[in-house]
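Listed below, chain by chain, are the residues.
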Amino acid sequence: MKRGVSVDRYGVATLIVDNIKRRPLRAVIAVLSIAVALGGAMTMVGTSESIERTLEKGYASRRVDLMVMQAGKSNPMTSRISEALVDDLERIEGILGIQALLVDSLLLESDHSVFVYGWPPGYPETRYRKGTDSVELEHGQLLIGHTASSLNQLMPGDEIELNFGKYKIVDFFEAGNVFESGVLFMRLDDLQKLTSSLGRVTFFFVELEPGLKEQSRRRIIGDIEALSPVLKVVTTEEFLNQNQLTAAVRGLGRVILFTNALLSILIISTIMVLTVSERRKELAILRAMGWSAIRVSTLVILETSVLSATAAVLGGVVGWVGLEIALAHLQTMGIFSRSILTVEHLLWLSASAVAIATLGAALPVYYTLNISVNEALRE
Amino acid sequence: MRPLVDLQNVCRTFGGVITALDDVSLSVSEGETIALLGPSGSGKSTLLSLIAGFETASSGTLTVAGKSIHDWHPDEFRLRIVGFLFQQFHLLEHLSAVRNVELSLFPTCRQPRQRFLKSRQLLEDVGLGERLLVQATDLSGGERQRVAFCRSIANQPRLLLADEPTGNLDRASSQRLLSTLSDHMLRHQSTLIVATHDDDVARICSRVIRLQDGKVVDS
Amino acid sequence: MISISFRTFVAFVLLCSLGLILPPQLCAGTRDGDKTIRRLNKLINRSGKDYRVKIRITSQDKEGNHSAVYLSATRDADPQGDWLLFHLEGDTSVTQEFCLKCQPDGGVTSCDQGSLVPMKMLGSTLAGSILPWEEILVGSCGSWLVEMDPVDPDSDDGRKPSYVVQITNAAFDPGWVTTKIIMDSSSKDPLYFDRIDSQGKLMRRIKVLEIGGTGSWRGIQRAIIEMNGGRVLMEIVDFQKGSGQFKPSRENQR
């Protein structure tokens, strides 16, 4: 009786797959459990990285080297510093440009909050096209990012209420990054008046002269902080690291990654120990046939590896889907970023699979090596 | 000529209380076919287990193929020196006849095709050419034992040990198996030690060693 | 320990689900109402007595004029005393600062006076009669206790239970005002806090807009208050725990 399988190709790979197929439910449970564990960890880590990378790109597009803000604020968005400091900042050698920005979270139509950026006149963020001309925003006018527009179902021409103030959306703002696509833009003086923050801004974005050595950068930071004890200067990288959201998500991601990796190892170890226990006699027969202890153990390790690798691939898919869902949910909370999955992530996933297979196979291999051929055959 | 198997004053006790083998000394030359006869509990299986390296003697010396059994690497020993045929066959039930034989060739033959061809040949030689792909559970007792026999000689061991090979077979299957064993021994001049209480088995052997209560009573 | 068979356990769960053998309380364990009360208490009571909070209060009158002020409250509680420093700035004619001492029974005195300060009187010294100053000040020292509404408890026609909030504060006349909580459609979060006067008339309605996570002063991040004179938006803009150190190391003698 012929079978569909090619009869002269029975190798180690076929042997391993056949062994796994003999316990399909167990294999599926192991693979799915580990896939979910790995995928969940990947979602967490991927979410924090995506937010960070998106913010990084945003600041890079603005040529921001340093951020000046109020010291002692765990949430940078609540920073408030004097706008007048810009004159002192301009006098510091090495500074090429300064952008002042006021950021606030305002109530839209007595319903939910939105982020609003207030830029001084002369910036692209307060200019829009009116016919063929580029004009400045007037008092009471707003620009809206495309993401904010779709999330809040607002279009140019709409009149809205922000913290009881009336404003009209005159145009879209073509944001250079995903994050800014989710906010509204108005004149700095309008936002200052609305929030009773006259003469105050949240940040100064500082652009430095290109090619400055590290020593010069430190000198500039020192000069800025010497202007006032309430000032703190951070590089964009430090700022991103301090970002509460990304720090929290990153920290949580690491914890979840560690615990999920441990969980995966325990799952695969338990499943394989169970399998080895059930196959004691079978493995003893192989030993009696002349299979070395190492060869039999290698079989166990390879079976573990196949399960881990399959779980890793599936975990990658789960992680990617999870990441898309997480970022979509964050968008509804006003946190905008784009999914950034790189080759590095795939390498990490592969490394996790190898680690899980190696560590997860340790106990089953130990059991395999300690099978007494004689005893097992008597069972 | 040095014997292939040489036991000197070998004892095997369990828990210091039960003596399975008591001061057993015997030699087996290359090419001999030895029947170990004796009732149940006489120590036949224990003796075979010791020679196969599945168990360790409590005292005495045991040399196989010129080396003490302790000096042999167990995996090399079971691959090149000794083949074992069990009463219970011990096939992998989820595999077909040819796969069971192929498995024993994994350590010595890297090419899957070669493994298959060799296994097929062995099975054809014992009349199982039409049963290659039949799963072990679907084979008769006699067929299973012939598959087990092919598996045990696939790597051409110098010594074949058989523990009650016809114990679970009907008379016709037993006769067939004995015929197979006999042909193989004649063709390959292999050494065979078979533990049995069946006189028909003893008849195909060149020498009979009787065991009683763990002692050799007649050699 | 009671030992039951697996089948018995499954049967118990199924029958509880069908409500056939035991009242819902026993099957469900803790009542949903108790859980909600615990959650509401956690939501509106602050944790810790050493903090700094900044609230933005944006008011709009009937004519549509609007303005914003910032009320910062710094609480410094230690064996020397439990003090609250309020700082008011923004669209006001003058920046105001005043200090209150919280008494153990929840009563309030001025930091440099011994006698109890009537809350209505204190409220009237602050700019903007539209603002619920007395509730902010009184609530800062006292505790807010959520209970089931004794007038309208869990009714038989299947309507959801409602809750009331009592302020436990010696300076506060409990008969003065009652706060009733109207839950949202999921019955998990509060939607409205209705202030009802002693005659049962609605004084004002506080609509909860946003409930914050950790770090929020009282959990409620944003609320709008509809009043006769207009409406007020209250937003927590900053909160820092463990940062309220301002009073002198020794209390001034009167």
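Now for a description of the structure that goes with this document. (Residues numbered from 1 in each chain as written. Chains lettered and ligands numbered in written order. Predicted model: local features only at pLDDT ≥ 70, side-chain atom pairs only at ≥ 80, totals over all residues. Heavy atoms only, no water.)

As a general feature of sheets, a regular strand has side chains that alternate between the two faces. All names here are of chain B. Here strand β8 (residues 191-196) lies mainly inside the structure; 6 of its 6 residues are buried. Where burial is concerned, the two faces of β8 agree: the one with T191, I193 and A195 and the one with L192, V194 and T196 are both buried. Viewed along the sheet, the connection from strand β7 (residues 159-163) through helix α6 (residues 171-188) into β8 turns out right-handed. (Buried < 20%, exposed > 50% of the residue type's maximum accessible area, 1.4 Å probe, protein only. Helix = DSSP H or I, 4+ residues; strand = E, 2+ residues; numbered from the N terminus. Right-handed = clockwise from strand over helix to strand, strands pointing away.)

Its place among the elements puts R287 of chain A in helix α9 (residues 280-289). Non-local contacts of R287 of chain A, meaning those with residues more than four positions away in its chain, are made with S292, A293, V296 and V373 of chain A together with D75 and R78 of chain B. (Contact = heavy atoms within 4.5 Å.)

Before going further, it helps to examine the sheet that holds strand β5 (residues 67-68) of chain B. All names here are of chain B. Pairing is antiparallel in the open sheet, where 4 strands are placed in the order β2-β1-β4-β5. Edge positions in the sheet fall to β2 (18-28) and β5, since each has one partner strand and no second. Sheet analysis places strand β4 (residues 59-64) next to β5, joined by 2 bridges and oriented antiparallel. From the neighbouring strand, T63 faces β5, where its bridge partner is S68. (Pairing = 2+ DSSP bridges.)

Turning next to the nonpolar core. Nonpolar side chains tend toward joint burial in soluble globular proteins. Residue and element names in this part refer to chain B. Grouped together as the largest cluster of nonpolar side chains are 74 residues, with contacts concentrated most on V5, I51, V64, L103 and I193. Excluding residues that lie within four positions of it along the chain, I51 makes contacts with V5, L7, L62, V64, I69, F77, V82, L159, L161 and I193. In terms of nonpolar packing, the next biggest core, distinct from the first, is built from 38 residues, L85, L91, C109 and L181 among them. (Core = buried A, V, L, I, M, F, W, Y, C linked by side-chain atoms within 4.5 Å.)

Scanning the entire structure with this criterion turns up 31 salt bridges over all chains. With a shortest N-O distance of 3.0 Å, D189 of chain A and R187 of chain A are connected by a salt bridge. With relative accessibility at 30%, the residue D189 of chain A sits in the partly exposed group. Overall, the relative accessible area of 15% leaves R187 of chain A in the buried class. Here the residues in one salt-bridge network are R80 and D104 of chain A together with R56, E210, R222 and E235 of chain C, joined through shared partners. (Salt bridge = Lys/Arg side-chain N within 4 Å of Asp/Glu carboxyl O.)

This brings us to the interface of chain A and chain B. Tallying the contact residues gives 30 residues for chain A and 27 residues for chain B. For the pairing of chain A and chain B, the buried interface totals around 2,700 Å² over both sides, and the portion due to carbon and sulfur atoms is 62%. Summed over the shared surface of chain A and chain B, the number is 0 salt bridges. Counting the contacts that link chain A with chain B gives 4 residue pairs in polar contact (both at pLDDT 80 or more). Those elements giving two or more residues to the side of chain A that touches chain B turn out to be α1 (12-21), α9, α10 (293-332) and α12 (373-378) of chain A. No other element matches α9 of chain A, which puts 7 residues into the side of chain A that touches chain B. Of the residues in the side of chain A that touches chain B, the class split is 14 nonpolar, 6 polar and 10 charged. (Buried area = accessible area lost by both parts, 1.4 Å probe. Polar contact = N/O pair within 3.5 Å; in protein donor to acceptor, adjacent residues only side chain to side chain. Nonpolar A, V, L, I, M, F, W, Y, C, P; charged D, E, K, R; others polar.)

The interface is formed by 21 residues belonging to chain C together with 19 residues belonging to chain A. Looking only at chain C, the three residues that lose the most surface to chain A are R56, R222 and R231 of chain C, adding up to 26% of its buried area. Summed over the shared surface of chain C and chain A, the result is 3 salt bridges. Between D104 of chain A and R56 of chain C there is a salt bridge whose closest N-O contact spans 2.6 Å. Counting across the interface, chain C meets chain A through 12 residue pairs in polar contact (both at pLDDT 80 or more). Listed by contribution, the elements that provide at least two residues to the side of chain C that touches chain A are β1 (50-61), β2 (66-78), β10 (202-211), β11 (220-227) and β12 (230-241) of chain C.

Residue and element names in this part refer to chain A. A contiguous nonpolar surface patch, about 290 Å² in accessible area, is contributed by V28, L32, L314 and V318. Counting through the fold element by element, L32 comes out in helix α2 (residues 24-61). Residue class for L32 comes out partly exposed when judged on its relative accessible area of 45%. (Patch = residues over 30% accessible without salt bridge, like charges linked within 9 Å, V, L, I, M, F, W, Y side chains within 5 Å. Areas by Shrake-Rupley, 256 points an atom, 1.4 Å probe, with all protein chains shown as cover.)

All names here are of chain A. Along the chain, E303 falls in helix α10. Put simply, E303 and D18 are 285 residues apart on the chain and 10.0 Å apart in space, counted from C-alpha to C-alpha. Contact partners of E303, with chain neighbours within four places excluded, come to I16, N19, I20, M272 and R279.

This paragraph deals with the packing of aromatic side chains. The final tally for this structure, using the stated rule, is 10 aromatic pairs over all chains. Residues Y117 of chain A and F185 of chain A carry aromatic rings whose centres are separated by 5.7 Å and whose planes lie at 80° to one another, so their mutual orientation is edge-to-face. Separated by 68 residues along the polypeptide, Y117 of chain A in strand β4 (residues 112-119) and F185 of chain A in strand β10 (residues 184-187) bring together distant segments of the chain. When the centroid spacing of 5.6 Å and the interplanar angle of 35° are considered together, the rings of W291 of chain A and F106 of chain B count as tilted. Within this pair, whereas W291 of chain A is found in the loop between α9 and α10, its partner F106 of chain B is found in the loop between α3 (97-105) and α4 (112-125), the two belonging to separate chains. The buried category is assigned to W291 of chain A, whose relative accessible area is 2%. Note on F106 of chain B: relative accessible area 4%, which makes it buried. Ring-pair connections join several aromatic residues into one group, and the members of that group are Y117, F173 and F185 of chain A. Looking at R295 of chain A, its charged tip hangs above the ring of W291 of chain A, at a distance of 5.9 Å from the centre. (Phe/Tyr/Trp six-rings, centres within 6.5 Å; stacked < 30°, edge-to-face > 60°. Lys NZ or Arg CZ within 6 Å of the ring centre and 35° of its normal.)

Residue and element names in this part refer to chain B. Within the open sheet, the 6 strands sit side by side as β6-β7-β8-β3-β9-β10. Their pairing is mixed. Both outer strands of the open sheet, β6 (82-85) and β10 (215-218), are each paired with one neighbouring strand and no more. Neighbour-to-neighbour, the strand axes of this sheet turn through a mean angle of 25°, independent of strand direction. Examined bridge by bridge, strand β3 (residues 33-37) and strand β9 (residues 207-212) share 4 bridges and lie parallel to one another. (Axes fitted to C-alpha atoms, helices over the stretch in contact; angles between N-to-C directions.)

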